[in-house]
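Observations on the three-dimensional arrangement
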Amino acid sequence: MNICWRKFRMGLLGAGIRQEVIVSGIAVFVPDQEMYGQVKEILKEKEYHVKILKVIETESAVYEARKAISDEGINIIVARGKQLSDIRRYTNVAVSEIQMTAQEMGLLVNKAKAAVGKANPKIAVFYWENMLCDTTYFDILYGIRLTRYQFRDEEDWRNIFIRACVDRPDIIIGGKSAREAADRQGIPSLAYLSTGESIRIAMDNAESLYAMAEAEQRNYAQFSTILDSSFNGIMKVTNSGKVLVMNRVMEQITGVAEKNAVGMQVGKLFRELDSELLSRVIHGGMENYTTFLNNGSSKPVMVIEPIMVEGKPEGAILSCNRLKRLEIDEENRLNEQYLRGYVAHGTFDDIEQKLTGLKETIQLAKLYAQSSSPVLIEGYAGLEQDAICQGIHNYSLRKDGPFIAINLAGMSEGQQMKTLFGSEDREEAGSEKGAIWQADKGTLVIQSIDKMTLPVQYHFFKMLRSKRILHNSIENVKIVDIRIIACTSKDIDTCRRLNRMRSDLYYSINALKIRIPPLCERPWDTAYLLDSYMKKYMDQYYRYHAMTAGARKTLLEYRWPGNSIQLKSFCERLILTVGHRTITEEYVEELLEELYEHTQEPDFYIQHGLTPPDSDEEDAKSGEGRRVDKDSGGRDAFREVILETLKLCHGNRTLTAKKLGISTTTLWRKMKNYGIEI
């Protein structure tokens, strides 16, 4: 019964939440006139919602069931044996089985025993699924040898009957086909007989299904009204991510009618959704997931929560709150932004599918895009940083506002103030407005935030807190609504500890922090970019080269401190200058040494716990630039490290360079500088 009810509920769900589902009634199909008469008597005892009572042939069971469903809207069918098995297999209607009770089977076994006229007879019972009660102890109770043979399909039953006849039963109990086959074998047979008890139980079960269906129908009617009166788009999906139901607002958001969406994978309706995260939510791996969606002039925020029943997931609810983007005051503001270049063209799609190593970074950026609070991006400037900054803007409610990027590196304090807040000359006609003023209702990206001087930081933090700036006169106060994206390649916490950044500004921008992993931590991205850049420049310069496995391995293992910008530039130089069709490992190493030999040195210092020259920490302490670390005895620490490693490698320079994490050329140069001879 439970299985039937779940099947019926799925039928209701599949019909859609706004389609009226009428629980029409019950049909009772029986195989003979005797059972027909028993049903008629039962119907006199109390009121049942039976609309159809009919004697049918097994061959026409499916046809009769479909006819009852289409003509009379029947929702529940009562039947037995093969008739019920076929109806269940070929229709989607709920069924209630007529199952022989223990009392009815006991009477039938006694009748069979009397017909045989011998003690301890062998009785073979042929039946279809769920047709019999439990007969485990019948042999002991009735002094018989009972063997059960279950039929599962039309092709199988004859083989089962032949196998049963090998045991030479004294009598057979079964349906019409089994009894006819028994007659041909000369074996006595009996038909199933009912006292009416099994029919009454089946009809009571059908009536219970009817009552539950009515309650479910009322619940769905209420549910439908609630959903359709909601300002949010609401959708229910299955464990496999297929749409079950959705309301009218969700139809407007997706642009797909519910009747067309039902059964569709939700990822086809919302392509921005991350399939892995969606699966984790649906299966209870996450309590919820929130993201913005790009949808025309609106910017829905979607919340996904799993449906948990007794600790087990049963799909999920997707709710879309359709928000309006920020209104832009000036009528021609968008045109002006395009003319002035204040537009972000990049999206997360530009890097999300190609650079898989940034997947978690992008997911975090999508979450932060929902906020208007400042975002801090730590990582080397490059294509990835630019794409993430533009993606945050285009993924937010500020997409139609201006997108302005400035770089504070190399600016004096006065230049920084003018760039951010505008000209301070109150007598200057048409004085230039600063980036903060121009970025109103949009996004301002500040590159090298660590280079902002302390006095400028004071004014900048004051603006963040009050949302106000002055322009030319104390009366000319501008209230601004901007999103700040601050970028730095430095450890911003170190800047604070070294008193290079005000604590109040640090805590204002540090909460929503995004770290862009360097290329050396993303081997798959390195391989993808290497192949892309090599192909690009070979096509651009009409030069086609093959790269040895050693050369490719060298490039993939190189740390690329300049990230994708460095890799891109190197690939162009490589294609332009390589003099052979084959790019060898030796040539790659020579070119790396020539271009970036000095960039290896900081890695060497860090690996051996030494302070790199020109480090922020050293500059902060003395401001004297390069320094050579000394050990407690005043000896050059670098020289000692090299000597110890050479000794360990028995003077082998190649092994020494490998252990030190530097190239052989760098090792040779250091040995020369330190006067080391082998």
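Residues numbered from 1 in each chain as written. Predicted model: local features only at pLDDT ≥ 70, side-chain atom pairs only at ≥ 80, totals over all residues. Heavy atoms only, no water.

With respect to the helices and strands, R500 occurs in the loop between helix 21 (492-497) and helix 22 (503-509). Residues R500 and Q457, spaced 43 residues apart in sequence, show a C-alpha to C-alpha distance of 9.8 Å. (Helix = DSSP H or I, 4+ residues; strand = E, 2+ residues; numbered from the N terminus.)

This paragraph deals with the confidence of the model for the chain. Mean pLDDT for the chain: 80, with 81% of residues reaching 70 or above. Predicted confidence is poor over residues 1-21, with pLDDT under 50, and the contacts of this stretch with residues over four places away or in other chains come to 48 contacts. Low pLDDT (under 50) marks residues 324-341, which in the prediction has 33 contacts with non-local residues, meaning those over four places away or in another chain. (pLDDT = per-residue confidence, 0-100. Contact = heavy atoms within 4.5 Å.)

The strand order across the open sheet built from four strands is 6-5-7-8, with neighbouring strands paired in parallel fashion. Single-partner strands in this sheet number two, and they are strand 6 (145-151) and strand 8 (189-191). For this sheet the average axis-to-axis angle between neighbouring strands, irrespective of direction, equals 20 degrees. Inspection of the sheet shows strand 5 (residues 122-128) paired to strand 6 by seven bridges, in the parallel sense. When the sheet's bridge partners are listed, K122 is paired in strand 6 with R145. (Pairing = 2+ DSSP bridges. Axes fitted to C-alpha atoms, helices over the stretch in contact; angles between N-to-C directions.)

Applying the stated criterion across every chain, the model contains twelve aromatic pairs. With a centroid separation of 5.1 Å and an interplanar angle of 20 degrees, the aromatic rings of F126 and Y149 are classed as stacked. Taken together, the positions of F126 in strand 5 and Y149 in strand 6 put the pair 23 residues apart, joining distant regions of the chain. Each member of the pair, F126 as well as Y149, carries the same accessibility label: buried. Here a set of aromatic residues connected by ring pairs shows up, and it is made of F126, W128, Y149, F151 and F161. (Phe/Tyr/Trp six-rings, centres within 6.5 Å; stacked < 30°, edge-to-face > 60°. Buried < 20%, exposed > 50% of the residue type's maximum accessible area, 1.4 Å probe, protein only.)

Of note, Q38 is situated in helix 2 (residues 33-45). Leaving out residues up to four positions away in the same chain, Q38 has contacts with S194, T195, G196 and I199.

In this section: the side chain of D440. As for its position among the elements, D440 is in the loop between helix 19 (435-438) and strand 16 (443-447). Here the side chain of D440 touches D481 through a polar contact of 2.8 Å, landing on its backbone nitrogen. (Polar contact = N/O pair within 3.5 Å; in protein donor to acceptor, adjacent residues only side chain to side chain.)

The geometry of helix 23 (residues 523-540) relative to helix 25 (residues 563-577) is characterised by a closest axis approach of 9 Å and an angle of 40 degrees between their N-to-C directions. The two elements helix 23 and helix 25 cross, and the hand of that crossing is right-handed. In this structure, helix 23 uses T526, L529, L530, Y533, M534, K536, Y537 and M538 to contact helix 25, whose residues at the interface are S564, L567, K568, C571, E572, L574 and I575. Here the contact of helix 23 with helix 25 is composed, by residue class, of ten nonpolar, two polar and three charged. (Left-handed = near helix turned anticlockwise from the far one by under 90°. Nonpolar A, V, L, I, M, F, W, Y, C, P; charged D, E, K, R; others polar.)

Our focus in this paragraph is the sheet that holds strand 3 (residues 76-79). Across the sheet, which stays open at both edges, the four strands sit in the order 2-1-3-4 with parallel pairing between neighbours. Edge positions in the open sheet fall to strand 2 (50-55) and strand 4 (94-97), since each of these has one partner strand only. Across the sheet, the mean angle from the axis of one strand to that of its neighbour is 20 degrees, orientation sign disregarded. Examined bridge by bridge, strand 1 (residues 26-30) and strand 2 share five bridges and lie parallel to one another. Considered in strand 2, the bridge of V30 is made with V55. Along the sheet face, helix 2 touches strand 1 and strand 2 and points at about 160 degrees away from the line of strand 2. The strands touched by helix 3 (residues 61-72) are strand 1, strand 2 and strand 3; relative to strand 2, the strand with the most contacts, the crossing angle is about 155 degrees.

Regular strands show a simple pattern: their side chains alternate between the two faces of the sheet. The sheet contact formed by strand 9 (residues 233-237) and strand 13 (residues 312-321) spans five bridges and is antiparallel. Residue pairing across strands places I234 opposite S319, the latter belonging to strand 13. The pairing of strand 12 (residues 301-309) with strand 13 spans eight bridges and is classified as antiparallel. Bridge pairing links M308 to P313 in strand 13. Hairpin connection from strand 12 to strand 13: two residues lie between these consecutive antiparallel strands, with E310 at a positive phi of about 55 degrees.

Scanning all chains against the criterion turns up 23 salt bridges. Of the charged contacts in the structure, one is a salt bridge between K441 and D440, with a shortest N-O distance of 3.7 Å. The class for D440 is buried, based on a relative accessible area of 3%. Of the charged contacts, one joins R502 and D504 as a salt bridge, the two residues approaching to 2.7 Å between their closest N and O atoms. R502 gets classed as partly exposed once you look at its relative accessible area, which sits at 27%. (Salt bridge = Lys/Arg side-chain N within 4 Å of Asp/Glu carboxyl O.)

Our focus in this paragraph is helix 8 (residues 176-184). Residues of helix 8 that are buried include every one of A178, A181 and A182, and no others. Buried residues along helix 8 cover an arc of 105 degrees about the axis, so they all sit on one side. Summarising the geometry of helix 8, the exposed residues directed more than 90 degrees from the buried face are K176, D183 and R184. Check the buried side of helix 8 and you find it contacts strand 5, helix 7 (157-166), strand 7 (171-174) and strand 8. Just downstream of helix 8, G186 is the residue with a positive phi angle, here 75 degrees. (Arc of directions from axis to C-beta.)

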